[in-house]
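What follows is the residue order along each chain.
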Amino acid sequence: MNYTAKYQELKSIYSTDLDFSDDDISCKWVRFNSISVDTLSNERKDRIKQAAYSWTLPDEAIRENRSFTYPIFQRKTNSDHSDNPIILLHGLNERSWLKYLVWAFYLAEKTSRPVILFPIAFHMNRSPIPWGSPRAMAPLLESRRERMGTENLSTVANVALSERLSEDPLRFYTSGQQSASDIVQLATQLTNGLHPILPKSRTIDFFAYSIGAFLAQIIMIGNPSLLFSQSRFFLFCGGAFFDQMNGISKLIMDKPAFDRLRKFYINELGDEMLRSPMLHQSLYKTELGQAFQAMLKSDNYSLYRNDSLQRLKDQVYTLALEEDSVIPAYGVKASMGFLKNTHLASFPFAFTHENPFPVYSDPLESAKVNIAFEDVMSKAVSFLQ
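Reference entry: report on the structure contained in this document. (Residues numbered from 1 in each chain as written. Predicted model: local features only at pLDDT ≥ 70, side-chain atom pairs only at ≥ 80, totals over all residues. Heavy atoms only, no water.)

### A few points about the overall build of the protein chain
Now for step 1: The helix and strand tally for the protein chain stands at 14 helices and 9 strands.
Now for step 2: Taking 385 residues into account, the globule formula puts the C-alpha radius of gyration at 21 Å, and the protein chain, at 20 Å, falls close to it.
Now for step 3: Burial status across the protein chain gives 56% buried among its 385 residues.
Now for step 4: Long-range contacts, defined as pairs at least 24 residues apart, comprise 77% of the intrachain contacts of the protein chain with a sequence gap of at least 6.
Now for step 5: Just so you have it, the protein chain exposes about 16,000 Å², and 51% of that area is on carbon and sulfur atoms.
Now for step 6: Of the charged side chains in the protein chain, 41 are positive and 42 negative; the average position of the first set lies 2 Å away from that of the second. (Helix = DSSP H or I, 4+ residues; strand = E, 2+ residues; numbered from the N terminus. Rg over C-alpha atoms; globule rule 2.2 N^0.38 Å. Buried < 20%, exposed > 50% of the residue type's maximum accessible area, 1.4 Å probe, protein only. Contact = heavy atoms within 4.5 Å. Areas by Shrake-Rupley, 256 points an atom, 1.4 Å probe, with all protein chains shown as cover. Lys, Arg positive; Asp, Glu negative; His and termini not counted. Charge placed at Lys NZ, Arg CZ, Asp CG, Glu CD.)

Written as structure tokens, this is what we have:
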């Protein structure tokens, strides 16, 4: 596949909530109503009220996060594999599916399986439209720079997430908790034959990128309701422990937000649980809470984590990029390197973690990107088939 040409083609016809198709692959949007309940919301209200710079609605009042649509790519013709969907999980602080359209198209075409692009809580179209608007975010950015300084990599693209995590770093956990619960809800629909357009599923696999890979690791380790015992997980540009990630980026979050997040989860979480019995219950008495702790740093729940991953050794494929500065290869090797299907790759062109397959106007650079894309995605297809 010519990645660059296909990207431009899909970009020209893509619109949120509008179905589209070519000769063989269709994209349909499906409504989802999250039934996940944030049991910590009442405790967190006081925390946010104390922040003088609070600017947004309470999380539970953001309607877009509760009821939203997600796209499914699938073959238009009947396929023997339509009962084996792949869930594609995206990166942190993303507001558009554009860069993933070719990924999903390729996977659907080559595997003949449906590909569900499922949004993480408060991301993509699960967030208010102003969060992705440079004009709407400009006043908030100016206010944040006055409070935090101008040398901290704050931008209109990352200021919404940066502000939310600075207000309340626990949002990183609660939004991930809701995302995982929603995936369990989706998987239950699929396996019980209750999905509105897909048949009853036999197995559900994952293609997970960046923070989506972190979420997928938590799901595979926790395995809630044993829904994912037979699932395969392809992790791309992800797989490291939280304490070895670097989320400081013009497109992800600024330095004060990431420093606050890291300090909270590495140094303060234990004290926070002493103050909050409900948080303690969530983190210690649920499969997903224990799995989340296990992926914060290497010495957390190490036997539990490694035993779980070892059992899944033939069901996990991890591909890290050597030049990745956000989720570095050494961090991926530290958490997943003992598994046989942990691999490193290097691209011969300039890219970023946030955009591993850039669109170049230079034909020579485009050709290199096309080759790299084909190499990564063909590995995914081979593993997930």
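### Quick notes on the pairing of strand E3 (residues 67-75)
Now for step 1: Burial runs high along E3: 7 of the 9 residues are buried.
Now for step 2: With 9 bridges connecting them, strand E2 (residues 25-33) and E3 associate as antiparallel partners. The partner of Asn33 across the bridge, within E3, is Ser67. (Pairing = 2+ DSSP bridges.)

### Some points on the packing of helix H10 (residues 277-284) against helix H11 (residues 287-294)
Now for step 1: Between H10 and H11, the shortest axis-to-axis distance is 5 Å and the interhelical angle comes to 85°. Judged by the angle between their axes, H10 and H11 are roughly perpendicular. The residues of H11 that touch H10, namely those facing Ser282, Leu283 and Tyr284, are Gly289, Gln290, Phe292 and Gln293.
Now for step 2: In terms of residue class, the contact of H10 with H11 is built from 3 nonpolar, 4 polar and no charged. (Axes fitted to C-alpha atoms, helices over the stretch in contact; angles between N-to-C directions. Parallel < 35°, antiparallel > 145°, perpendicular 65-115°, else oblique. Nonpolar A, V, L, I, M, F, W, Y, C, P; charged D, E, K, R; others polar.)

### Observations concerning the environment of Lys28
Now for step 1: In this fold, Lys28 is placed in strand E2.
Now for step 2: With a relative accessible area of 36%, Lys28 lands in the partly exposed category.
Now for step 3: On a C-alpha basis, the gap between Lys28 and Pro71 in space is 5.5 Å, while along the polypeptide they are 43 residues apart.
Now for step 4: Discounting residues that sit within four places of it in the chain, Lys28 has contacts with Asp19, Tyr70, Pro71, Ile72, Gln74 and Ile197.

### Topic: the pattern of salt bridges
Now for step 1: Enumeration over the complete set of coordinates arrives at 19 salt bridges.
Now for step 2: Here Asp59 and Arg164 are joined by a salt bridge, their closest N and O atoms 2.9 Å apart. Separated by 105 residues along the polypeptide, Asp59 in the loop between helix H2 (41-49) and helix H3 (63-66) and Arg164 in helix H6 (residues 159-167) bring together distant segments of the chain.
Now for step 3: A salt bridge links Glu94 to Lys99, with the nearest nitrogen and oxygen atoms 3.3 Å apart.
Now for step 4: For Glu94, a relative accessible area of 12% gives the class buried. (Salt bridge = Lys/Arg side-chain N within 4 Å of Asp/Glu carboxyl O.)

### Description of the nonpolar core
Now for step 1: In this structure, Phe118 and Tyr265 are the most contacted members of the largest nonpolar core, which totals 69 residues.
Now for step 2: A total of 9 residues in this core trace back to one element, the largest contributor, which is helix H8 (residues 211-222).
Now for step 3: Discounting chain neighbours no more than four positions away, the residues touching Phe118 are Phe32, Phe68, Tyr70, Ile87, Leu88, Leu89, His90, Trp97, Arg126, Asp182, Ile183 and Leu186.
Now for step 4: Ranked by size, the runner-up nonpolar core spans 46 residues in total, among them Leu88, Met124, Phe349 and Val369. (Core = buried A, V, L, I, M, F, W, Y, C linked by side-chain atoms within 4.5 Å.)

### Section: the layout of surface pockets
Vacant regions in the atomic arrangement are exposed by a probe of water-molecule size rolled over the atoms.
Now for step 1: One number sums up the size of the largest pocket: a volume of about 590 Å³.
Now for step 2: By residue class, the composition of the lining of the largest pocket is 14 nonpolar, 8 polar and 4 charged.
Now for step 3: Estimates place the volume of the second largest pocket at around 360 Å³.
Now for step 4: Lining the second largest pocket are 18 residues, and of these Thr16, Met124, Asn125, Ser127 and Ile129 lie nearest its centre.
Now for step 5: For the lining of the second largest pocket, the elements supplying multiple residues, two or more each, are H3 and E3. (1 Å grid on protein atoms, 1.4 Å probe; cavity = no way out; pocket = protein on both sides within 12 Å on 5 of 7 lines; lining within 4 Å. Points joined across faces, edges and corners; volume = space filled by probe spheres on them.)

### Here's the deal with the sheet that holds strand E5 (residues 115-117)
Now for step 1: Judged by pairing direction, the sheet is mixed, and its 9 strands sit side by side in the order E1-E2-E3-E5-E4-E6-E7-E8-E9 without closing on themselves. Looking at strand neighbours, the two that pair on one side only are strand E1 (20-21) and strand E9 (342-345), the edges of this open sheet.
Now for step 2: As defined by bridge partners, E1 adjoins E2 across 2 bridges and the pair is classed as antiparallel. Among the inter-strand pairings, Ser21 is bridged to a residue of E2, identified as Ser26.
Now for step 3: Together, E2, E3, strand E4 (86-89), E5, strand E6 (205-209) and strand E7 (233-236) form the strand contacts of helix H4 (residues 101-111), whose direction differs from that of E3 by roughly 45°.

### Overview of the packing of aromatic side chains
Now for step 1: With the rule as written, the count across this model stands at 42 aromatic pairs.
Now for step 2: Its end group placed over the ring of Phe122, Arg164 keeps NZ or CZ at 4.6 Å from the ring centre. (Phe/Tyr/Trp six-rings, centres within 6.5 Å; stacked < 30°, edge-to-face > 60°. Lys NZ or Arg CZ within 6 Å of the ring centre and 35° of its normal.)

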